[in-house]
Structure formats: structure tokens, C-alpha cells
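Spelled out from the first residue to the last, the chains are:
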Amino acid sequence: MAQLPPVKLDMYAEWFDLLMTILEENRDLLPDDLIPENERQMEKLMKYPRRYQDENGQCRVDMRLYPSDASELIWLLLLAACGNYETTKQYSTELAER
């Protein structure tokens, strides 16, 4: 039996729709070298996650990702957010040093 990818993200269907909308609408704003990665992530997100109803009858999406795909998806979302937000605090200065 195949093992599921280790990163699980379970979300409301509306949040999944928002995620896909962000990737779709920001595709043309990405650097040329990242457009294929964006397309690949969108294809995977339409192929592998599964929709289900939870115990309250709400539609949810169960996403399973490999760490490399999760990392790539986070980068794509951060790039989509560029220009929409200004950094208001240097949070990184509060992190522990290695």
C-alpha cells in the first residue's frame, strides 16, 4: 500500500478555492522561471486533494503534500502577496539564533 505524503492540510472548500484563485490570478506576475512551477502546483492541487463533508456537513478539502511541494507552494503564495503588504515589524529579529 502506498504511503501518503507526510504534510497534511485540511481546509474548508472555500479556502481551497481562495488558494487556487491566488495561484491563478498571480500566475502572470511571477518571474518567467516560476510560471512552470506554479502550473505544476495547480495541476497537482486539482488532481490529488479530495473533497469530503465533515461531521457538521461542511465541505472540506483534504490535501496531502510532500515537503518539497509544501515549500514550493508557500513560496508561490509569498510571491503572490508581494506588493500587497508592507512589513510592519521585524519579526525575524525575535527568532533564536542557530
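Above this text sits the structure in question.
Residues numbered from 1 in each chain as written. Predicted model: local features only at pLDDT ≥ 70, side-chain atom pairs only at ≥ 80, totals over all residues. Heavy atoms only, no water.

Some details on the nonpolar core
Next up, step 1: Counting 16 residues, the largest nonpolar core has Phe16, Leu19, Leu23, Leu45, Met63 and Leu73 as the members making the most contacts within it.
Next up, step 2: Within the residue set of this core, elements represented by two or more residues are helix 1 (13–25), helix 2 (35–47), strand 3 (59–65) and helix 3 (67–81).
Next up, step 3: For this core, the leading source of residues is helix 1, giving five residues. (Core = buried A, V, L, I, M, F, W, Y, C linked by side-chain atoms within 4.5 Å. Buried < 20%, exposed > 50% of the residue type's maximum accessible area, 1.4 Å probe, protein only. Helix = DSSP H or I, 4+ residues; strand = E, 2+ residues; numbered from the N terminus.)

A few points about a nonpolar patch on the surface
Next up, step 1: On the surface, Ile74, Trp75 and Leu78 cluster together to form a nonpolar patch covering roughly 360 Å² of accessible area.
Next up, step 2: Residue placement: Trp75 occurs in helix 3. (Patch = residues over 30% accessible without salt bridge, like charges linked within 9 Å, V, L, I, M, F, W, Y side chains within 5 Å. Areas by Shrake-Rupley, 256 points an atom, 1.4 Å probe, with all protein chains shown as cover. Salt bridge = Lys/Arg side-chain N within 4 Å of Asp/Glu carboxyl O.)

So, the sheet that holds strand 1 (residues 7–12)
Next up, step 1: Read across the sheet, three strands follow the order 1-3-2 without closing on themselves; strand pairing throughout is antiparallel. In this open sheet, the two edge strands, each paired with only one partner strand, are strand 1 and strand 2 (50–53). If you compare each strand with its neighbour and ignore which way they point, the axes differ by 25° on average.
Next up, step 2: Inspection of the sheet shows strand 2 paired to strand 3 by four bridges, in the antiparallel sense. Residue pairing in the sheet places Tyr52 in a bridge with Arg60 of strand 3. (Pairing = 2+ DSSP bridges. Axes fitted to C-alpha atoms, helices over the stretch in contact; angles between N-to-C directions.)

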